[in-house]
Structures are given as structure tokens and as C-alpha cells.
Amino acid sequence: MTTCVRMMKNPEKKYDKETKKEIDDEYNLAKGYWKKGNRIEALMLTEKTISDQGKNESSCYVHHELQGDIFYQLAEETEITNDIKRVYLFASLDAFSMFTLPCHDALKSFRGCVLSLIQLGDQLGIKKFYRKAASKAYQALSVTNSSEKYTALNKEFDGWYGYAEEKKKEKNSNAVVTVSETSTMANQMVLKKKNPFQQLKFFWVNLDDKTKRDFLVVDFRKLIEYIQNEYGKEVKRYFRKCVISLISLHWRYWKCHICSQVNYCFTDCKMHILDKHVHKYEPEFSDRPKYVDEILADMICCGDWKPVDIAQAANLINDRIKSQKEFVYVNGWCSDWPVAGDEKRETILKQFSEVLKASCPRENCTLSCTLWDWLIDYTEEHLDLPGVSGSYLDKCSFFKNPQCICFLDLKHLKHILKKFSQLTTDVRESLVSKVVNQLWENSLVKERLDLEGHTNSNLLLDKRLLCEEELELDQNETVEHYESTGIYEDVMPKGDKIVSWILDCPKIDKEFMSQMAKVAKGLHNREIWLAVLRIVQGLVRKKESYYDKRRKMLSYEKMLCEVETICDREDTRKNVNQRSTYEFALRTECEKLVGKQDDNRKYFWTVVKDVFVKLCPPVFGVLEDMECISKLSATVSNDEVKKSMLRLRKSLKEMVFFFLFFLFIYSFQQDLICDG
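Parameters and conventions
Residues numbered from 1 in each chain as written. Predicted model: local features only at pLDDT ≥ 70, side-chain atom pairs only at ≥ 80, totals over all residues. Heavy atoms only, no water. Helix = DSSP H or I, 4+ residues; strand = E, 2+ residues; numbered from the N terminus. Buried < 20%, exposed > 50% of the residue type's maximum accessible area, 1.4 Å probe, protein only. Contact = heavy atoms within 4.5 Å. Areas by Shrake-Rupley, 256 points an atom, 1.4 Å probe, with all protein chains shown as cover. Polar contact = N/O pair within 3.5 Å; in protein donor to acceptor, adjacent residues only side chain to side chain. Axes fitted to C-alpha atoms, helices over the stretch in contact; angles between N-to-C directions. Parallel < 35°, antiparallel > 145°, perpendicular 65-115°, else oblique. Left-handed = near helix turned anticlockwise from the far one by under 90°. Nonpolar A, V, L, I, M, F, W, Y, C, P; charged D, E, K, R; others polar. Salt bridge = Lys/Arg side-chain N within 4 Å of Asp/Glu carboxyl O. Core = buried A, V, L, I, M, F, W, Y, C linked by side-chain atoms within 4.5 Å. Patch = residues over 30% accessible without salt bridge, like charges linked within 9 Å, V, L, I, M, F, W, Y side chains within 5 Å. Lys, Arg positive; Asp, Glu negative; His and termini not counted. Charge placed at Lys NZ, Arg CZ, Asp CG, Glu CD. pLDDT = per-residue confidence, 0-100. Phe/Tyr/Trp six-rings, centres within 6.5 Å; stacked < 30°, edge-to-face > 60°. Lys NZ or Arg CZ within 6 Å of the ring centre and 35° of its normal.

## Digging into the overall build of the protein chain
Each helix and strand counted, the protein chain has 28 helices and six strands in total. Looking at the protein chain residue by residue over its 676 residues, the buried ones come to 45%. Considering only contacts in the protein chain between residues 6 or more positions apart, those separated by 24 or more positions represent 74%. For the protein chain, the computed accessible surface area is about 37,500 Å², with 51% contributed by carbon and sulfur atoms.

Set out below in C-alpha cells:
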């Protein structure tokens, strides 16, 4: 185990025996909780251990694996909705993915990854999951094939590999790709009698008004006594805590689990979390990716994206130049351009426009400004309009309108579609948002709580049920006091609403009361929230990796510019005899940097090494010293240096597309943190 741990993300971080013993003890305790069926305690303990270890988190791989086992078990047991099952599967996958190095101790993690990926592929019908499953299974086979004691496991991985490969080749998948709406979690009453609604409605209609009104008045003391007799004092205490609060006049409160502040209004709690616990940790404004403005987003979304006939367009431009008539654009689009009858280009443009529009919703635009600039630069570079000067196109602001993309030929349209398709929003984001929103809606109640007088002798159900008024969600969970049950005197009870309310209400049993106790303790749906937390952590790690890649690329580009400047300086020397070869000038500069302590020095050495060895594309690793450069004995001519720099520059520009602009904002509901 120790060998594998040292191979993980932070090989220089070694943890002492005392820390290892502490981690193992907490793992055994959490595993004991799990075996006893207490999954919440097991998940909370493992999460605390992982959090406490901080930078030594990689040493807690057994805790990650235990979380993966628990979430996978929850996914297997979940039959409520497909969406909740998928949340558990994504959480399981993230947990198992923390330790998948090619060694024997990682086989359990490999197994968990493969199973979760295959299940997600079956659930979502996305072939990417089968490709990843096949890759993980193949890596595991490289370990199991090395020893006879893994014969059975080797057979399992081989079977999963074959299954994933077969699913990859299927043309169409039967699974549904889109995230389905989560159905209600409340179990409705099973109606065994024929037409129970009509029977109860008939019975209700025949009651007199006084009986109907009195039916909605419950003696609070008798209700409490009934709960105590049926479920005991502990449940009674939680029930009282959930139902009544004389001081606040609210029967529900929101508690911040970060600092334990209590709020009686959801909006106040949300603002507290944002102000005290979120905003101060957000990156500086200058570090955030900048997105296109609303005007450009509207231009992108309103266009019909039809391919333009290049030859006819060139002739039209030349005619307009002669007649000095300008092209009129309305919201980025001009109707004068001739449409091409090219079905292939039209299909590609339609697909491309859908990808663009998906990143430009009015509420949350995620199309990067630099990404759009790259797209326009690419269009300008590859657009071929015979007989039309570039100066005219610049003068008439041709490339400031999205329609210019419709002038590209089929080859270049396929290229940008391929690139942009890789920037689709992570499926986990929409899945988590959908499940969280639905669970939140299901946790709300429509009826407010009415109490008779200040003695709280009677609990009054919502009179709107009698009036057949539309029930609105009472998000503040307010308690209203009335002098007497006379509040019903002016109500003409009609019946349909109250009948529906009775039939839809599930039977109050011990499981229901147990859930009520969990609400009071703040443990309601804790498994799903921990699974969501796991997914959010994975999304944050992914985003963090792109920021790290961005930093490396910017540093590399800066030093590549420095290398180009040094070479240009040699070319501009007036005295030809004083000029040095590019190689000599760069080696000299490398030696000058020895002893300096900054990242620029390391990246400069890296760029020089890449130029000398003709590496393309760059890998953005950093050299700690210039020993590698000193050992390069072969002479590199000026022409070879120039060609190498050009290749690196072109490759870097292409790679920027992948890493610098793949920084979408993952929008999650802030009420995730609030546990009502």
C-alpha cells in the first residue's frame, strides 16, 4: 500500500506513522458504521478525514474507496428516479477516480470506476462513458495479467472491456440522453376501492357546514399525546420542534451548517451564505473568464445560420463597391447575401449554431470572449473571397457580425464544429441542478400553519382548502394566530379541494415520523447532499486543472516571445561580425538565469529545450535546471531554430482553444448548502 501511496499526486508528501494510524483507525470506524447500515455516519466520517488531511488527501485513498462503495450501493438500491440514481453514480465515479494508478492496490478503484462508467453509459446513452470504461478496464488488465492470483478478477475486467467495446460500436443507443424530470418522492396512497374520490366526495357533500368546518380543527394537545403514545418522547420532542415556535412565529428555520447561524427566512439564509462564506473565496474579477456581452449573444441566437454562396457573394461585393452601396445588417445579419444550396454545409452550420446558442442563454452566457475572438480570427484567416480585398472587409466591419462564419467552406466548418463540440456543458451540472431543484420543491409545503388563539389549544388546517382557492407555497413557513375557530364562519365549504388533499396525503406511519425526527436533527436527505458535494468537488477540481493549465500556457507563451525577441535581436545587429547564432545566444541567456528563483527562469529553459529538440506540440513541463540543455551536443542551425519556433507558435495557438477557454461557470443553486 505504501508504494502506491507514494506514486500518487504528491509524491514528495510523506505522512508519518502516527498520521497513517489515525487515517486507518478512522477508516475502520467508518467501515464499521457502513456494515451496521449507518451510511450517513460513515460518509460524514470519511469526508471529515479527507478534509482534515488537506494536502495529504491522497493518503486517504481507502476513504475515497469506501465513499465510492457506499454511493454505488445507494445507486443500486435507488428506484425512485433515474436522476437520483445518476447522481449517486457520478459521486461513486468521482470517489473511485481518486486512485487509479497501475498497481495492485488500485484494482478496487479500477473496478468501481468501470462499473460506474458502464452504468452511466447505460443510463445516459453517451458513448463517452463506454470509451472511458474500456480504457479503465484495459489499464486494470495490464495489472491483473501480471499475476496468476488475479485470474478471476482478470476475467471480470476482460468481460467489462468487451461489453464497453461493443457498446461503443453501436450506432444508436436506447437510453435517454436528456435528464428526465425527477418525479415526486412522496408515496401516494394506494387506492383499492373503486372510485374512492367520488365516494368520499359524495360523503363530504352530505355533511353539514358546521361538521365540515370542525373537521379542519385538530386539538393540538391531543395530537401531541397521540404522537407520544405511538412513537415515544423523543419523536414527540422533535415533532414539537418542527411544528411550533411561539417566539419566531415560524415552524421551520434554516440553519447554516458552516457557522450554525439560524435564519427564519430562506432568502436571509441564502444571502448570509453568499456574503459570509462564498464571495470572499471567489477569484478576483481579473482572473475570471470574460464572456461575450448580451448584444453579441442576441446576434448569435437570432440568426438563421444559412451557408452563403461564395462566388455569388464575391460578385455582389464587387458590384456594391462600384455602386458605393453598403450592406445593411440588422442585429448582425444581412438578408442580401445569396444562400448556397449546399446541404452538407447547411447541416454543419445548423449543428454549430445549436452548440453556440447553448452557450449563450439569456440568463447565463458562458461563451468566452477570447474563444469568440479565436473563432473570428480563424474565419478571417481561412475565408476565401476571390477578388475582394481584406481592407474593404475591415472597413465595412464584415468580421464583427456572426454571419461571416457562414462564408466558410465545408472543411473549415467541420473543424470549428469539432472543436466547439468539445466545449459542451458537463452533464453533471444539469443533472445535479435538476435533482436539487426537484428535491427542494418536494420539501416545501403548500399549507401555512394556523393556530387558534395564543393558548395553542387548536391546530387549524388551511382554510383555503375549504374555499377551493389556489394554494401557494409558503416559503417563509409562517405561523398565524387567530382568536377563535370563528375564522371559518364566513367560509362556504365546497369540498373538492379537501377531498383531494385527504386522498393525496400518505398514511402517517413510523417511517414518516422517523423522517420528521431526521428533519429536526438536520439529517434529511443527507446521503444525496453528500453525493452532490462529491460531484461539486469533482467539477471544482476539473475547473482548477484548467486554470492551472492556463497559467502554464501563459507562462510558456511569454517565454516563447522572449526567445523570439533574442533571435530577432541577433538579426538586427548592424555589425554582422558581432552577430551570434541563435543557439549560442539562447544558451548564453540560459546560463545568465542560473541562480535566479522564479518560474520564468524554468519556463525559459523549457522553451529553449523544446526549440532545440524540435518538440511539437509543447507539453508545458518545467525544467528545474539547465542540465538537460547542456547535454544537447548537436548543433542547431538558425533555420532549424526558426522553423521550430514557428511550429511551437502554431501549435500553441491551436492548443489555446482547448485549455484557455474551457472555463465555464458551473451554476448550482445556492440553497444546496441550506438544510431545511
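## Looking at the side chain of N154
The residue N154 is located in helix α8 (residues 151-169) in this model. A polar atom in the side chain of N154 sits 3.5 Å from the side chain of N145. N154 has contacts with L141, T144 and N145, leaving out every residue within four places of it along the chain.

## Side note on the packing of helix α4 (residues 61-77) against helix α5 (residues 82-96)
The geometry of α4 relative to α5 is characterised by a closest axis approach of 8 Å and an angle of 160° between their N-to-C directions. By the angle between their axes, α4 is roughly antiparallel relative to α5. Classified by chirality, the crossing of α5 by α4 is left-handed. For the pair formed by α4 and α5, the contact residues are H64, E65, Q67, G68, D69, F71, Y72, L74, A75 and E76 on the first element and K85, Y88, L89, A91, S92, A95 and F96 on the second. Here the contact of α4 with α5 is built from residues that sort into nine nonpolar, four polar and four charged.

## Quick notes on the pattern of salt bridges
Pairs can form between side chains of opposite charge whenever their charged atoms are close. Summed over all chains, the structure comprises 17 salt bridges. One salt bridge in this structure joins E165 and K168, with 3.1 Å as the shortest N-O distance. A residue pair is termed a helical-turn pair when its members lie 3 or 4 positions apart in one helix, as E165 and K168 do in helix α8 at three residues. Classification of K168 by relative accessible area gives partly exposed; the value is 29%.

## Re the side chain of Q119
Mapped onto the elements, Q119 comes out in helix α6 (residues 107-124). Exposure remark for Q119: the relative accessible area of 18% places this residue in the buried category. Contact partners of Q119, with chain neighbours within four places excluded, come to Y72, E76, K85 and L89.

## Here's the deal with the nonpolar core
One broad rule of soluble globular proteins: the nonpolar side chains tend to lie buried together. Of all hydrophobic cores here, the largest spans 57 residues; its most connected members are F71, V87, Y88, F90 and F157. Considering each element in turn, this core owes the most residues, nine residues, to α6. Ignoring anything within four residues of it in the chain, the contact list for F90 reads L120, L124, F129, V427, R428, L431 and I535. Within the second largest apolar cluster, 45 residues are counted, among which are L383, I405, C406 and L413.

## Some details on unusual backbone geometry
Despite not being glycine, S397 shows a phi value in the positive range, around 55°. Looking at the element boundaries, S397 is found in the loop between α18 (390-395) and α19 (410-421). A residue is classified by how much of its surface remains accessible, and S397, at 29% relative accessible area, is partly exposed. In this structure, K614 is a non-glycine residue whose phi angle is positive, near 60°. By secondary structure assignment, the location of K614 is in the loop between α26 (599-612) and α27 (627-630).

## Here's the deal with a negative patch on the surface
A contiguous patch of negative charge, built from D373, D377, E380 and D394, is present on the exposed surface. The dominant element in the negative patch, judged by the number of residues it contributes, is helix α17 (residues 369-382), at three residues. For D394, the position within the fold is in helix α18. Residue classification places D394 among the partly exposed residues on the basis of a relative accessible area of 48%.

## Considering the confidence of the model for the protein chain
Residues of the protein chain with pLDDT of at least 70 account for 70%, and the chain-wide mean is 75. Highest mean pLDDT in the protein chain belongs to α4 (91); lowest belongs to helix α1 (residues 2-6) (37). In this model, residues 173-194 is a region of pLDDT below 50 whose contacts with residues beyond four sequence positions or in other chains number 45 contacts. Within the model, pLDDT remains below 50 along residues 519-523, and this stretch shows 13 contacts once partners closer than five positions in the same chain are excluded.

## Thoughts on the environment of I321
One can find I321 in helix α15 (residues 310-323). Here the alpha-carbon distance between I321 and Y392, two residues 71 residues apart in the chain, equals 8.8 Å.

## Considering the packing of aromatic side chains
For the structure shown, the criterion picks out 14 aromatic pairs. Here F157 and W160 contribute two aromatic rings whose centre-to-centre distance is 5.4 Å and whose plane-to-plane angle is 90°, an arrangement assigned as edge-to-face. Residue F157 and its partner W160 are both found in helix α8; the two are separated by three residues, about one turn of the helix. Across the pair, exposure class does not vary: F157 and W160 are buried alike. Seen in terms of ring centroids, W374 and Y378 are 5.3 Å apart; in terms of plane orientation they differ by 20°. Their pairing is stacked. On the criterion of helical spacing, the pair formed by W374 and Y378 is a turn pair, its members being four residues apart in helix α17. A single burial state applies to W374 and to Y378, both of which are buried. Members of the aromatic cluster, connected to one another through ring pairs, are F327, W337, F398, F399 and F407. Over the ring of F129 we find K128, and its NZ or CZ is 5.6 Å from the ring centre.

## Considerations on the packing of α4 against α6
Two elements in contact, α4 and α6, have axes separated by 11 Å at closest approach and are oriented at 30°. In terms of orientation, α4 lies roughly parallel with respect to α6. Note that α4 runs across α6; the crossing there is left-handed. When α4 is examined against α6, the residues E65, D69, Y72 and E76 are found in contact with a partner set consisting of K108, S109, L115, S116 and Q119. Looking at side-chain class alone, the contact of α4 with α6 contains two nonpolar, three polar and four charged residues.

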